[in-house]
Amino acid sequence: VTIVTVSGDITLNKGGDAILKDKVQSVLQQGRKEILVDLAGVSYVDSAGLGELVQAYATTKNRGGTLKLVGVTKRLKDLLVVTKLLTVFDTFDDEASALASFIA
């Protein structure tokens, strides 16, 4: 499992969405298919950032991989609930349970 740690904002203006996309693409090109995105350090996600998370998930799934989220803040979790994306992403509160989920 490759852990991708994201911090700051994932927004259109700050370029956080492009950084996430590049990291996920790089991991997949290395042949790693199990990705855990650590969002504990993310303070804000706008619609472009949410779209980037969905795109990273879809790209990983299309390449036969799995992408899961850990450290989702309350604000982001609320956003995922409202957009019904919480049913798409596997989210975990701590890294240990997230890593264990890849084995199961």
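Use the structure listed above.
Keep in mind it's a predicted model, so treat the numbers as computed, not measured.

The rules behind each value
- Residues numbered from 1 in each chain as written.
- Predicted model: local features only at pLDDT ≥ 70, side-chain atom pairs only at ≥ 80, totals over all residues.
- Heavy atoms only, no water.
- Pairing = 2+ DSSP bridges.
- Helix = DSSP H or I, 4+ residues; strand = E, 2+ residues; numbered from the N terminus.
- Contact = heavy atoms within 4.5 Å.
- Axes fitted to C-alpha atoms, helices over the stretch in contact; angles between N-to-C directions.
- Phe/Tyr/Trp six-rings, centres within 6.5 Å; stacked < 30°, edge-to-face > 60°.
- Buried < 20%, exposed > 50% of the residue type's maximum accessible area, 1.4 Å probe, protein only.
- Lys NZ or Arg CZ within 6 Å of the ring centre and 35° of its normal.

Examining the sheet that holds strand β4 (residues 91-92)
Now for step 1: Reading across from one edge, β1-β2-β3-β4 is the order of the four strands in this open sheet, with parallel pairing throughout. Unpaired on one side and paired on the other, β1 (2-10) and β4 mark the two borders of the sheet.
Now for step 2: Of the pairings in the sheet, the one linking strand β2 (residues 34-45) to strand β3 (residues 66-70) comprises five bridges and is parallel in character. Note that in β3 the partner of L36 across the bridge is K68.
Now for step 3: Across the sheet, helix α2 (residues 47-62) lies against β1, β2 and β3, angled at about 145° from β3, the strand it touches most.

Considering the packing of aromatic side chains
Now for step 1: Tallied over the full model, the rule gives one aromatic pair.
Now for step 2: Considering the side-chain rings of Y57 and F89, the 5.3 Å spacing of their centres and the 70° angle between planes classify their relative orientation as edge-to-face. Here Y57, found in helix α2, pairs with F89, found in the loop between α3 (74-82) and β4; they are 32 residues apart in sequence, far enough to count as distant.
Now for step 3: Look at F89 and you get buried, because its relative accessible area is 3%.
Now for step 4: A cation sits over an aromatic face here: K68 above F102, 4.5 Å from the ring centre.

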